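Each chain, letter by letter, is given below.
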Amino acid sequence: MTSADSDTGRDVTDDADDATDDLVPDPVLDEAVEPAPAEPGGPRSNLPVIALSAAVALLVAAATVAVWFGISWMRASGDDGLAYSGTRDEVDRVARAAIVTMNTLDYRKLDQGLGNWADATTGTLHDEIVKLTAQNKQQLKDAKSVTSAEVRSSAVKELDDRAGKATVIAAIKATVSTGGKKAVDKYQRIEATLAKTDTGWKLEGLGEVAYVQPRPGK
């Protein structure tokens, strides 16, 4: 103990004890800062966990629905495309067959040929065929016409499946013989219009398309 210590009347040991006391945690302060533990067996709040789980579930559900709708839309689009492609092929097939039929006639089998014409057509064209008079038929017989045809190429120019209308362009080779003369080949471009009926696609109109021979070098 120094003289200063003696003057103040304070023991160094007491100072050391006071410093030690400052390092000891205050039970009151610790209790205020540290949350009290839950009572054993008591209820515990799971709200944050439940909310997070619900949010994840909603995200997963939304993603699943989006994927489902996306796949369904793609399938529907694919189905529509396949259906349209199938209709186009059917129109082309019917048009080719009808064009051949309408360019095939043998005066020796006139009724059979005209019957085929009637079966392949609809609308005004069909009406004109079934309304042929005996005089008209006799004229065809007197001309001794024998014709046949083959389609070299064809393409569907227009197709409206909902309206049931279509147009097909075809290049044909027609072989024509009249009056017992030698058959002659003719090359033509034909435009056929078709209409959808209760029994399928039928030829509604038929006409020749002007063909301009390209000049040399063009």
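Residues numbered from 1 in each chain as written. Predicted model: local features only at pLDDT ≥ 70, side-chain atom pairs only at ≥ 80, totals over all residues. Heavy atoms only, no water.

Caption draft 1: Focus on the overall build of the chain. A count of helical and extended segments in the chain gives seven helices and five strands. Looking at the chain as a whole, 21% of its 218 residues qualify as buried. Partitioning the contacts of the chain with sequence separation of at least 6, the portion at a separation of at least 24 is 52%. As displayed, the chain has an accessible area near 16,000 Å², and 56% of this comes from carbon and sulfur atoms. (Helix = DSSP H or I, 4+ residues; strand = E, 2+ residues; numbered from the N terminus. Buried < 20%, exposed > 50% of the residue type's maximum accessible area, 1.4 Å probe, protein only. Contact = heavy atoms within 4.5 Å. Areas by Shrake-Rupley, 256 points an atom, 1.4 Å probe, with all protein chains shown as cover.)

Caption draft 2: Summary view of the nonpolar core. In this structure, Val 91, Ile 99, Ile 172, Leu 194, Trp 201 and Leu 203 are the most contacted members of the largest nonpolar core, which totals 27 residues. If you list the elements that add at least two residues to this core, you get α4 (47-102), α5 (110-120), α6 (123-130), β2 (146-160), β3 (165-177), β4 (184-197) and β5 (200-209). With six residues, α4 is the largest single contributor of residues to this core. (Core = buried A, V, L, I, M, F, W, Y, C linked by side-chain atoms within 4.5 Å.)

Caption draft 3: Quick look at the pairing of β4. Pairing geometry for β3 and β4, over twelve bridges, is antiparallel. What sits directly across from Thr 167, in β4, is Thr 193. Between β3 and β4, which pair antiparallel one after the other, the connecting turn spans six residues, and Gly 179 there sits at a positive phi close to 65°. Where β4 lies against β5, nine bridges are found, and the strand directions are antiparallel. Paired with Glu 191 across the two strands is Gly 207, which belongs to β5. (Pairing = 2+ DSSP bridges.)

Caption draft 4: Local environment of the pattern of salt bridges. For the coordinates displayed, the defined rule picks out seven salt bridges. A salt bridge links Glu 90 to Arg 93; the shortest N-O distance between them is 2.8 Å. One end of the pair, Glu 90, and the other, Arg 93, are both in helix α4, three residues apart, so they sit about a helical turn from each other. One salt bridge in this structure joins Lys 157 and Glu 191, with 3.6 Å as the shortest N-O distance. Of the two residues, Lys 157 is situated in strand β2 and Glu 191 in strand β4; the sequence distance between them amounts to 34 residues. (Salt bridge = Lys/Arg side-chain N within 4 Å of Asp/Glu carboxyl O.)

Caption draft 5: Inspection of the sheet that holds β5 at higher detail. Strands sit in the order β1-β2-β3-β4-β5 across an open sheet of five strands; the sheet is antiparallel. Each edge of the sheet is formed by a strand with only one pairing partner; in this case those strands are β1 (105-106) and β5.

Caption draft 6: Structural context of the side chain of Gln 188. In this structure, Gln 188 sits in strand β4. Overall, Gln 188 belongs to the buried group, its relative accessible area being 14%. Polar side-chain contacts of Gln 188 include one of 3.2 Å to the side chain of Glu 208. Residues contacting Gln 188, with those up to four places away along its chain left out, are Asn 103, Ala 170, Ala 171, Ile 172, Ala 174 and Glu 208. (Polar contact = N/O pair within 3.5 Å; in protein donor to acceptor, adjacent residues only side chain to side chain.)

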